[in-house]
4 protein chains.
Amino acid sequence: MKTKEDVVEEFRKQSICEAAMRVVARKGMKDVTVQDIADEAGVAKGTIYIYFDSRDEILSRTMENATASLVDKLGAACRGCLGFRETLEKRVRTQIQHFDDNRDFFRLYLAMAEPFGERRLKQHPTYQTYLSQLQRLVRDAIARGEIREANVERLSISIASVIRDIILHRMIEREPPPLDSDVEFAVDFIMRGIAS
Amino acid sequence: MKTKEDVVEEFRKQSICEAAMRVVARKGMKDVTVQDIADEAGVAKGTIYIYFDSRDEILSRTMENATASLVDKLGAACRGCLGFRETLEKRVRTQIQHFDDNRDFFRLYLAMAEPFGERRLKQHPTYQTYLSQLQRLVRDAIARGEIREANVERLSISIASVIRDIILHRMIEREPPPLDSDVEFAVDFIMRGIAS
Amino acid sequence: MKTKEDVVEEFRKQSICEAAMRVVARKGMKDVTVQDIADEAGVAKGTIYIYFDSRDEILSRTMENATASLVDKLGAACRGCLGFRETLEKRVRTQIQHFDDNRDFFRLYLAMAEPFGERRLKQHPTYQTYLSQLQRLVRDAIARGEIREANVERLSISIASVIRDIILHRMIEREPPPLDSDVEFAVDFIMRGIAS
Amino acid sequence: MKTKEDVVEEFRKQSICEAAMRVVARKGMKDVTVQDIADEAGVAKGTIYIYFDSRDEILSRTMENATASLVDKLGAACRGCLGFRETLEKRVRTQIQHFDDNRDFFRLYLAMAEPFGERRLKQHPTYQTYLSQLQRLVRDAIARGEIREANVERLSISIASVIRDIILHRMIEREPPPLDSDVEFAVDFIMRGIAS
DNA sequence: TATGAATGAGAATTCATTCAT
DNA sequence: GATGAATGAATTCTCATTCAT
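To start, this report covers the structure provided alongside it. Here the structure is a predicted model, which means the values were calculated and not measured. Numbers given to residues run from 1 along each chain, matching the order in which its sequence is written. Whichever chain is written first is A, and whichever ligand is written first is 1; the rest continue in order. Thresholds applied to this predicted model are a pLDDT of at least 70 for local features of residues and 80 or more for the giving and counting of side-chain atom pairs; totals over whole chains, interfaces and linings are not thresholded and use all residues. The side-chain values count all of the structure's non-hydrogen atoms but skip hydrogen atoms and water molecules.

**Section: the overall build of chain A**
- Secondary structure elements are taken from DSSP: a helix is a run of H or I of four residues or more, a strand is a run of E of two residues or more, and numbering for both begins at the N terminus. Counting secondary structure elements, chain A contains nine helices and zero strands.
- Reading the secondary structure of chain A in the N-to-C direction produces α-α-α-α-α-α-α-α-α.
- The buried share of chain A, reckoned over its 196 residues, is 52%.
- Here the contacts in chain A between residues at least 6 apart in sequence split such that 63% fall between residues at least 24 apart.
- Values of accessible area rely on a 1.4 Å probe in the Shrake-Rupley scheme; residue burial ignores everything except the protein chains shown. Split by element, the accessible area of chain A, about 9,100 Å² in all, is 48% carbon and sulfur. Residue burial is assigned from relative accessible area. The probe radius is 1.4 Å, only protein chains are included, and a residue is buried under 20% of its type maximum, exposed over 50%, and partly exposed in between. Two residues qualify as a contact provided that any one of their heavy atoms is within 4.5 Å of a heavy atom in the partner residue.

This is how it looks when you write it as structure tokens:
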């Protein structure tokens, strides 16, 4: 059972992670100092070390929190969707929207993706959760005959990569195309490929 | 005309970049120090600064060299290819092979992609070259009716992202599938999407 | 109102400046490293940077402190003096005494004077204060007819230079003449020149 | 007897010193690198070390040359002067003129004057020569009754300091007063002091 | 002799982490 | 628990000096 102390501790950790996210978004992961995070969180630097063992642990935990929230949102969004295409469209839209709304987090998300960094997204537990979710959808869709038979992992990776890079380019573009347009493009690309 | 000095200088720069690549591969871009590079290259730290103005310039130049060599290889590989599909297949195969052979470079390639890092692949001149090459192919293929009409940039981004992430996963996997299998998968995914 | 923190901070800065002064006295301004100052102050190098932004700021601040204290002392010494000659004598005596007592500071004072160095005494705010003080005295004395009419700035410069160089030679001499003797000489030289 | 080699060596040293003077004038003494001097002299860095043992030796030798030339000029200028006042005026004029014409050298001269630097003007042989010259003049003038009895060294120091600081201020001023005006001021100050 | 590439000790500065209050 | 001053290892970059050619 959770004691009051546990709750307080959890709350503190959460605050610090939220602060970390805002700072990472502003300065990029490698330029964030522990002092930056402490300032943003409104606590002393020493306090940080009561709740986390190291700078790395803060960032890692921050990622987890952030990704988990996206994963939840995606799960919720697709409850009630019928076919794979509908589900996919919902997910793509939700994910693009999420990042359009949280550019901060996207910088973190990408920083995480630094694939051979100490903390690699690809091997990061919450990225795994994201990928598992997708793999389950793919597997089911194959079973239902909506998707052709192929390596489930490769399919999921590919789907994820297309969505991610389209979002990335939206971020870079000064005036990205309307949401609908990119959602449609992504779903089309994923479903039908490029062949005419 | 190149004097002997120019040749020597070029050779030195090349050696240092090669050393840099190996070290980046080992430690990740952000953790590489100038001393690491010097040690790997077997020269003194000061020597590095004879040939490069700053740590950043070394890394930047290293990227350029590495990417340029891949772009050349891809260009050469597709000379004589007839349709888009054949070209794509050739490119995918060449690219996967290249990274299977140069795991070091792949880490660098990915480090470059750190999208909001100081040196962003997306904005890096040689990445642009890579993308332009792809865009030209796509545009021509659309003109020939081999690819359906769609935003050329989005198409290219998506194609590139699929290839990249498949390679990335090959790198992570202890025993990646045979080359042919991934080439076939990628080409299929890109051409036909996932629909059955 | 000053909080306790402000007081502590001020005290630390003062300690570091005092350490800096001793080290400059020993090694000369250009050869002083931040490490030297830290060692002399008995703190870690990093600590220095809590209180000062850069090596230059330490040295600059050290100068200011030191010169300001001399300027104050000179101002105080001459309160109540009647004619210019009396004032001059008081100032010369006070200044020579001050440097006889603070040989450390004299080296700093001279290092400051390095005229084309990054921090030039001639342009340094506290040197300007010193010179202004002198100029005011000269101007008043001219108005009272105690000093002949002449360019006030040139007069002040010349007076200052004579005092300074006599002190400088006292510093170099193993056994300088008694204080009174040099005071008398300087005042005489300034008032009557060398003519018989 | 001087062999041809000696002459060549002397010539090389001279060239390097002249280059050094120009560079010191431009960048200030502490910012001059051996490479700067080599570039200015049009020789390789290594060549410098054939003729000088260290950076310090170059600078020291440069000072000596430069000061010696001033001392010679002053000696020559006063040949044939009759009284002390005439001699003094000639010297002051010559010295101001010399520095007006050689601002480069003045920066060097001042850099030398850094009194407790490794190479102190005050103890530097050629500065001693300059001072001795002045002391001889003063002593003779006292003997002839043109100057009042006083410590010869102190008198010389004071005279030198006044001349030096007036020149220094000319250097700093954007539009210094006409030569004659400063010559007259300096001679008057030295001869009669400031009293009315 | 002349060269200039190579060296490496050392400089200023930053920042994760510790610990006395 | 909370604080933030203190620490010092680590980093980038400079430059006097050496030495093989």
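**Some remarks on the pattern of salt bridges**
- Salt bridges are defined by distance alone: a side-chain nitrogen of Lys or Arg within 4 Å of a carboxyl oxygen of Asp or Glu. A complete count under the given rule lists 69 salt bridges over all chains for this structure.
- Across the salt bridge formed by Lys27 of chain B and Asp36 of chain B, the nearest N and O atoms sit 2.9 Å from each other.
- Look at Lys27 of chain B and you get partly exposed, because its relative accessible area is 36%.
- A salt bridge links Arg154 of chain B to Glu153 of chain B; the nearest nitrogen and oxygen atoms lie 3.8 Å apart.
- By relative accessible area, which is 2% here, Arg154 of chain B ends up buried.
- Classification of Glu153 of chain B as partly exposed rests on a relative accessible area of 30%.
- Sharing partners across several salt bridges, the network here consists of Asp100, Arg170, Glu173 and Asp182 of chain A together with Glu153 and Arg154 of chain B.

**Here we look at the relation of the copies chain C and chain D**
- For the pair chain C and chain D, the best superposition has an RMSD of 0.7 Å and corresponds to a rotation of 177 degrees with a translation of 0.0 Å parallel to the axis. Read as a symmetry element, the transformation amounts to a two-fold axis. Ranked by how close their C-alpha atoms come to the rotation axis, the residues of chain C are headed by Gly193 of chain C, at 2.1 Å.
- Most of the interface of chain C is mirrored in chain D, where 100% of its interface residues again form contacts. A residue counts toward the fit only if its pLDDT is at least 70 in both copies, and the copies are then superposed by least squares on the C-alpha atoms of those residues.

**Topic: the packing of helix α1 (residues 4–27) of chain B against helix α4 (residues 55–78) of chain B**
All names here are of chain B.
- Interaxial distance between α1 and α4 falls to 9 Å at its minimum, and their mutual angle equals 95 degrees. It follows from the interaxial angle that α1 and α4 lie roughly perpendicular. Across from Glu10, Lys13, Gln14, Ile16, Cys17, Ala20, Met21 and Val24 in α1, the residues of α4 making contact are Ile58, Leu59, Arg61, Thr62, Asn65 and Ala66.
- Of the residues contributing to the contact of α1 with α4, the split by class is eight nonpolar, three polar and three charged. Only C-alpha atoms enter the line fits that serve as axes; for helices the fit covers just the stretch in contact. Angles between N-to-C directions range over 0 to 180 degrees. Relative orientations are named as follows: roughly parallel for angles under 35 degrees, roughly antiparallel for angles over 145 degrees, roughly perpendicular for angles from 65 to 115 degrees, and oblique for any other angle. We call Asp, Glu, Lys and Arg charged. Ala, Val, Leu, Ile, Met, Phe, Trp, Tyr, Cys and Pro are nonpolar, and the rest, Gly among them, are polar.

**A short note on the interface of chain C and chain D**
- Taken together, the contact between chain C and chain D spans 47 residues of the former and 49 residues of the latter.
- The junction of chain C with chain D conceals about 4,400 Å² of combined surface from both sides, 61% of it contributed by carbon and sulfur atoms.
- In this structure, the connection of chain C to chain D is made through six salt bridges.
- For Glu173 of chain D, the salt bridge goes to Arg154 of chain C, with nearest N and O atoms at 2.8 Å.
- In protein, a polar contact requires one atom able to donate a hydrogen and another able to accept it; more generally it is a pair of N or O atoms within 3.5 Å, and residues adjacent in sequence count only if both atoms are side-chain atoms. Taken together, the connections running from chain C to chain D amount to nine residue pairs in polar contact (both at pLDDT 80 or more).
- Sorting the residues of the side of chain C that touches chain D by element identifies α6 (103–113), α8 (152–172) and α9 (179–192) of chain C as the ones contributing at least two each.
- In terms of residues, the side of chain C that touches chain D owes the most to one element, α8 of chain C, which gives 16 residues. Defined here as a combined quantity, buried area equals the accessible surface (1.4 Å probe) lost by two parts on assembly, summed across both.

**Section: the protein's contact with DNA strand E**
- Taken together, 30 residues lie near DNA strand E, and Arg12, Thr47 and Tyr51 of chain B, Tyr49 of chain C together with Thr47 of chain D sit nearest.
- Of everything in DNA strand E that lies within 4 Å of the protein, sugar and phosphate atoms constitute 63%.
- A distance of 2.4 Å is found between a phosphate oxygen of DNA strand E and a side-chain nitrogen or oxygen belonging to Tyr51 of chain B.
- For DNA strand E, a base oxygen lies 2.7 Å from a polar atom in the side chain of Lys45 of chain C.
- Residue assignment for the surface near DNA strand E shows that the elements contributing at least two residues are α3 (45–51) of chain A, α3 (45–51) of chain B, α3 (45–51) of chain C together with α3 (45–51) of chain D.
- A per-class count over the surface near DNA strand E returns 14 nonpolar, eight polar and eight charged. Residue proximity to a molecule or strand is established when one non-hydrogen atom of the residue lies within 4 Å of it.

**Thoughts on the relation of the copies chain A and chain B**
- Overlay of chain A on chain B (RMSD 0.7 Å): rotation 177 degrees, translation along the axis 0.0 Å.
- Interface overlap between copies: 96% of the residues of chain A at the interface are likewise at the interface in chain B, consistent with a symmetric, same-surface contact.

**Quick word on the packing of aromatic side chains**
- Classification of ring pairs rests on two measures: the distance between centres of Phe, Tyr or Trp rings, Trp counted by its six-membered ring, which must be within 6.5 Å, and the angle between planes, read as stacked under 30 degrees, edge-to-face over 60 and tilted in between. The tally for this structure, following the rule as stated, stands at six aromatic pairs over all chains.
- Relative to Phe189 of chain B, the ring of Phe189 of chain A lies with its centre 6.4 Å away and its plane at 55 degrees, an arrangement referred to as tilted. Taken together, the residues span two chains, with Phe189 of chain A in helix α9 (residues 179–192) and Phe189 of chain B in helix α9 (residues 179–192). Exposure class is identical for Phe189 of chain A and Phe189 of chain B. Each is buried.
- Seen from their ring centres, Phe185 of chain C and Phe189 of chain C are 6.1 Å apart, and the 25 degrees between their planes marks the pair as stacked. Of this pair, Phe185 of chain C and Phe189 of chain C both sit in helix α9, four residues apart, which is roughly one turn of that helix.
- Taken together through their ring pairs, the aromatic side chains of Phe185 and Phe189 of chain A together with Phe185 and Phe189 of chain B make up a single cluster.
- For a lysine, the NZ atom is tested; for an arginine, the CZ atom; a charge sits over a ring if that atom is within 6 Å of the ring centre and within 35 degrees of the ring normal. Positioned above the aromatic ring of Phe52 of chain A, the side-chain terminus of Lys13 of chain A is 5.9 Å from the ring centre.

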